Amino acid sequence: MAEFGWVLWLTTSLVLAAPVVLAAMGGLTSERSGIMNIALEGKMLTAACVTALVANATGSAVVGLAAGVTASLLLSLLLGLLAQAYRMDHIVAGMAINALALGGTRFLHQRFTDPDRAAEMAKLPIELYFGLALLAPFVVALVLVRTRGGLRLLAVGSDPEKSRQAGLRPAPIRYGALSATGLLCGLAGAMLVTNAGGFSDGMTAGKGFIALAAVVLGGWRPLPTLAACLAFGLIDGFQLQVQGSRLVGSGIPSEFWNALPYLATVLAMAFLGGRTRAPAGLGRP
Amino acid sequence: MSGRIIALIVASFGVVVLALSTTGVLPADAMQQLFRGSLGSPRAISNTLRETTPLLIAGVAVFLALRAGLFNIGVEGQLVVGALSATAIVLSVPGPLGVVLGVVGASAAGAAWAYPAGWIRAWRGGHEVITTIMLNNIALFLTRALVAGPLKDPDDQAPTTAMVDATSRMPWLFQHDNLKVNVGLAFGLIAVAGLAFWLRRTVGGYELAAAGANPPAAQAAGVPIQRVQVRAMAMSGAIAGLAGAVQALAYEGRFYSGFSPGYGFDSLGVALLAGLSPWGLIPAALGFGILNQGSTALTLIGIPRGLTGVLLGLLIIVFAALRYREVKRG
């Protein structure tokens, strides 16, 4: 590739942003209900691994996706259980789930991947995931402010104690929110592995945390969060494009471009953060 | 013990036994292999202590931040930045002076790497979990670029620095046949004692614990919360950098791409398992050292390494559930 392709940049960026959008919407539903969710990464990773393994084993992309989403859903409910029933610190519980996911996927991948068949994973069309990612922010936005369940979720998230006094029960509402989180993160993970064509250890590479950063930068609102995810996609697409074309600064090592999305996230947190406010009930039982 | 906790422990056991059953290894055999591989011979014990060293020092780093109410998930990045700094310094200034400079440089580098996360948390409200993870990834790429470029050993194919001079290694404290204990482990023990003293007996330590335990109350009592948070994060990073320096100068003798197999991540488990007192870090680090060293032996009988990560997650869950009970009762 000799020159910088604008069209290719934009399309790559959208493909890169889509799983982050799905995960970020999952994080948003969870956090707006009051469950701090740093386990997005682990859920995506688990979904990616299980989707690939089951799709390979059964030869069916649909069964693979269903299994991957189910795995992510179960991890999401585990977070709810630890946070609600065991009253565990949300960050500790989230990190434990990330450790489980990182170790568990490594274990499953090593134990069950058939090296001879790894190349021919049954896949659903990437456009399907893409469409879902495009839809998700608007659906989440509508559900949160236009439906009874969504409003209850917001109430529980901003003041669990007062909503209890008003007759709401935070636990079931939060389990519902976490189910949505599990579903969305499952789709995000399945999209990652579909796009990559196969599972590799730690393939989420911090995308779950970037999604979380997008939620924070978007002020816990769906459409600004979508914008943050798209900005991230543009940066990630840009660095891939630059590396592919070797157009800009051939003296700059490729590692700089690899680090660019993470660097941009830190800078955004430093210079754009602090203007938004977290849901008041975040982290409270 | 309440039914809930028992259910959690039984479920955790179930997960491990289920995972083992897929490999066809009996749990009892796996246990035996794990302990034989980590404690069964003088060489195995030496390796376990070697593995314990970075976990202990990095555990101190995580524990300190945790006391200030901060989750320093960035120990991984601070550790590799520190290790590379120490190696680079010692390569240009060999000998004992170089080691001292290397340790100081590594701590400074670790602190510098943690500082942005503390600053963003204190003054911008950006959560340190997100920023430290981002900084980990940046550190990984930065150190990889450096050992593949300006700091690369020209005589080696792989991205690595040259070996440091034999005079610039940290000495063995005790050496008898295959049983070896490096002075690095003593650094870890001193760090634990130092932290225990600092938290209990100094104004700085008291302010840090107060800021972590109840920020509004501490603020009302005149503790400058933001400054304490930034300081705690920088100190935590400095200790993580020290862990990297020890790992590089005591054991590895060089820095290479892929230097840390996840010490930063494991040290979070060490700090969470340590409980409320810094002294708990010693058994916790030893336990993880045994687990890490033993898992190498487990791979020999066909158990994938990922099982350690699963165990780490389950241990954190069970201990956190138990700890909550203590707090509630107390």
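Residues numbered from 1 in each chain as written. Chains lettered and ligands numbered in written order. Predicted model: local features only at pLDDT ≥ 70, side-chain atom pairs only at ≥ 80, totals over all residues.

### Regarding the nonpolar core
Which entries qualify depends on this criterion: Only buried Ala, Val, Leu, Ile, Met, Phe, Trp, Tyr and Cys residues enter a nonpolar core, and they are joined through C-beta atoms within 7 Å. Partly exposed residues are those whose C-beta has more than 12 but fewer than 20 other C-beta atoms within 10 Å; with 20 or more the residue is buried, with 12 or fewer it is exposed, and the C-beta atoms are placed from the backbone. Contact between residues is assigned whenever the C-beta positions, reconstructed from backbone atoms, fall within 7 Å.
Membership of the largest hydrophobic core comes to 199 residues, with the highest contact counts inside it found for V21, L22 and A214 of chain A together with I57, V60, A61 and I239 of chain B. For I239 of chain B, the residues in contact, after removing those within four places along its chain, are I57, V60, A61, L64 and A191 of chain B.

### Things to note about the interface of chain B and chain A
We count it as follows: We count a stretch as a helix when DSSP gives it H or I for four or more residues in a row; a strand needs E for two or more, and each element gets its number in order from the N terminus. Only Asp, Glu, Lys and Arg are considered charged, only Ala, Val, Leu, Ile, Met, Phe, Trp, Tyr, Cys and Pro nonpolar, and every remaining residue, Gly among them, polar.
Listed per partner, the contact involves 41 residues of chain B and 39 residues of chain A. Counting only elements with at least two residues in the side of chain B that touches chain A, the list comes to α1 (3-23), α5 (96-124), α6 (128-148), α11 (263-273) and α13 (306-329) of chain B. Of the residues that constitute the side of chain B that touches chain A, the class distribution is 25 nonpolar, twelve polar and four charged.

### Side note on the environment of G149 of chain A
Assignment of secondary structure puts G149 of chain A in helix α6 (residues 148-158). When the C-alpha positions of G149 of chain A and L28 of chain A are compared, they lie 15 Å apart, and in sequence the two are 121 residues distant.

### Thoughts on the confidence of the model for chain A
Rules: pLDDT: the predictor's confidence for each residue, scored from 0 to 100.
Across chain A, the average pLDDT comes to 87, with 93% of residues at 70 or higher. For chain A, the element scoring lowest by mean pLDDT is helix α7 (residues 160-165) of chain A, at 86; helix α3 (residues 61-84) of chain A scores highest, at 93.

### Overview of helix α8 (residues 203-213) of chain B
All names here are of chain B. The condition is simple: Along the arc lie the directions from the helix axis toward the C-beta atoms.
Residues of α8 that are buried: E207, L208, A211 and G212. For α8, the angular spread of buried residues about the axis comes to 130 degrees, placing them on one side. Projecting away from the buried face of α8 at angles above 90 degrees are the exposed residues V203 and A213. In this structure, the buried residues of α8 make contact with α3 (42-67), α9 (215-220) and α10 (225-252).

### What to know about the environment of G77 of chain B
Residue and element names in this part refer to chain B. Topologically, G77 is positioned in helix α4 (residues 75-92). Here the alpha-carbon distance between G77 and G264, two residues 187 residues apart in the chain, equals 7.7 Å. When near neighbours in sequence (up to four residues on either side) are disregarded, G77 contacts W113, L135, N136, A139 and L140.

### Quick notes on the packing of helix α2 (residues 27-39) of chain B against helix α12 (residues 281-300) of chain B
Residue and element names in this part refer to chain B. Applicable threshold: An axis is simply a line fitted to the C-alpha atoms; with a helix, the fit covers only the stretch in contact. Between two such axes, the angle follows the N-to-C directions and lies from 0 to 180 degrees. Here is the rule for angles: anything less than 35 degrees is roughly parallel, anything more than 145 is roughly antiparallel, 65 through 115 is roughly perpendicular, and the remaining ranges are oblique. The handedness criterion is simple: a crossing whose near helix is rotated anticlockwise from the far helix by less than a right angle is left-handed, and one whose near helix is rotated clockwise is right-handed.
α12 packs onto α2 with a crossing angle of 115 degrees between their chain directions and a minimal axis gap of 7 Å. With respect to α12, the axis of α2 lies roughly perpendicular. You can see that α2 and α12 cross each other, and the crossing is right-handed. Every residue of α12 that contacts α2 at A30, Q33, L34, F35, R36, G37, S38 and L39 is listed here: I290, Q293, G294, T296, A297 and L298.

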